[in-house]
Amino acid sequence: MGIMINTSVLNADLANLAAEVAKIPSSDGVHLDVADNHFVPNLTFGLPVVESLRKHVALPMDIHLMISNVDSWAVSYAEIGCESVTFHVEASNAPIRLARQLRAAGAKAAMALKPATSIEPYAELLPELDMILLMTVEPGFGGQAFLDLCLPKIRRTRELAKARGIEIAIQVDGGINEETIARAADAGADTFVAGSSVFSAANPDQMLQSLRALVP
């Protein structure tokens, strides 16, 4: 499986989301950060905005739910046609049930871990998931610096999957740019969320192509 780069719109012009997404035609998907100002100290947008954007965007939607009541809301994003839905294990009371509900609703099920959350306690959950999202910054805000201390966890996650014969995408989110993407890939990541580095560029789509070229 080749690499994938999903572009986060967190630092794009939120008043013109469809137009912003049109600037990144070579992106593998649109990464949408749903934040509730409770699980993380930021407030972004919710289901109505995502549902509206779904009608105007053809790219796959990669939903990242940074919300406290994720067990109640996650499946709704699958039901409106979002291709991948990520919930934080720190916020879910029943992650296995939630992952199965997401798959049953037609979405890929993904589980996110904050930088300080270890992967090892959740190794047995890997067969229930299509993707693991390892945050490489504290979740909530774009533009943060990549935390190199997360690289060993990326390696351990890839090793756990290989040891169990599980094919699973490992996504990294936070500080992904021209200086960090190759390091994350070398550690075992194959799916990348790039936001600030893309939308701060004069040509966002050209920046996406430059990032892709840096991963062997």
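Relevant structure appears above.
Predicted model only: the values in this text are computed from it and were never measured. (Residues numbered from 1 in each chain as written. Predicted model: local features only at pLDDT ≥ 70, side-chain atom pairs only at ≥ 80, totals over all residues. Heavy atoms only, no water.)

Draft legend 1. Examining the nonpolar core more closely. Counting 72 residues, the largest nonpolar core has Val50, Ile63 and Val85 as its most contacted members. At five residues, the largest contribution of residues to this core is made by helix H3 (residues 70-79). If sequence neighbours within four positions are ignored, valine 85 has contacts with Ile63, Leu65, Ala74, Tyr77, Ala78, Leu102, Ala107, Lys108, Ala109 and Ala110. (Core = buried A, V, L, I, M, F, W, Y, C linked by side-chain atoms within 4.5 Å. Buried < 20%, exposed > 50% of the residue type's maximum accessible area, 1.4 Å probe, protein only. Helix = DSSP H or I, 4+ residues; strand = E, 2+ residues; numbered from the N terminus. Contact = heavy atoms within 4.5 Å.)

Draft legend 2. Geometry of the pattern of salt bridges. Going through the model one piece at a time under the given rule, you end up with nine salt bridges. Taking the shortest distance from any N to any O, the salt bridge between arginine 100 and glutamate 128 comes out at 2.7 Å. One end of the pair, arginine 100, is in helix H4 (residues 95-104); the other, glutamate 128, is in the loop between strand E5 (108-113) and strand E6 (131-135), with 28 residues separating them in the sequence. Here arginine 103 ties to aspartate 130 by a salt bridge, and the two come within 3.2 Å at their closest N and O atoms. Of this pair, arginine 103 sits in helix H4 while aspartate 130 sits in the loop between E5 and E6; the two residues are 27 residues apart in sequence, bridging distant segments of the chain. What makes arginine 103 partly exposed here is its relative accessible area of 33%. Of the residues examined, aspartate 130 reaches a relative accessible area of 28% and is grouped as partly exposed. (Salt bridge = Lys/Arg side-chain N within 4 Å of Asp/Glu carboxyl O.)

Draft legend 3. The pairing of strand E8 (residues 191-194), seen in detail. By the alternation rule, side chains of E8 split into Thr191 and Val193 and Phe192 and Ala194, which are all buried. As paired strands, strand E1 (residues 4-8) and E8 are joined by four bridges and run parallel to one another. In the strand pairing of E8, methionine 4 is matched with threonine 191. Taking the sense of rotation as the criterion, the β-α-β connection linking strand E7 (residues 169-173), helix H6 (residues 181-187) and E8 turns out right-handed. (Pairing = 2+ DSSP bridges. Right-handed = clockwise from strand over helix to strand, strands pointing away.)

Draft legend 4. Quick peek at H4. Among the residues making up H4, those that are buried are Pro95, Leu98, Ala99 and Leu102. Projected onto a plane normal to the axis of H4, the buried residues spread over an arc of 100° and lie on a single side. Facing away from the buried side of H4 by more than 90 degrees, the exposed set consists of Arg97 and Ala104. Next to the buried residues of H4 lie H3, strand E4 (84-88) and E5. Backbone geometry just after H4 places glycine 106 at a positive phi near 100°. (Arc of directions from axis to C-beta.)

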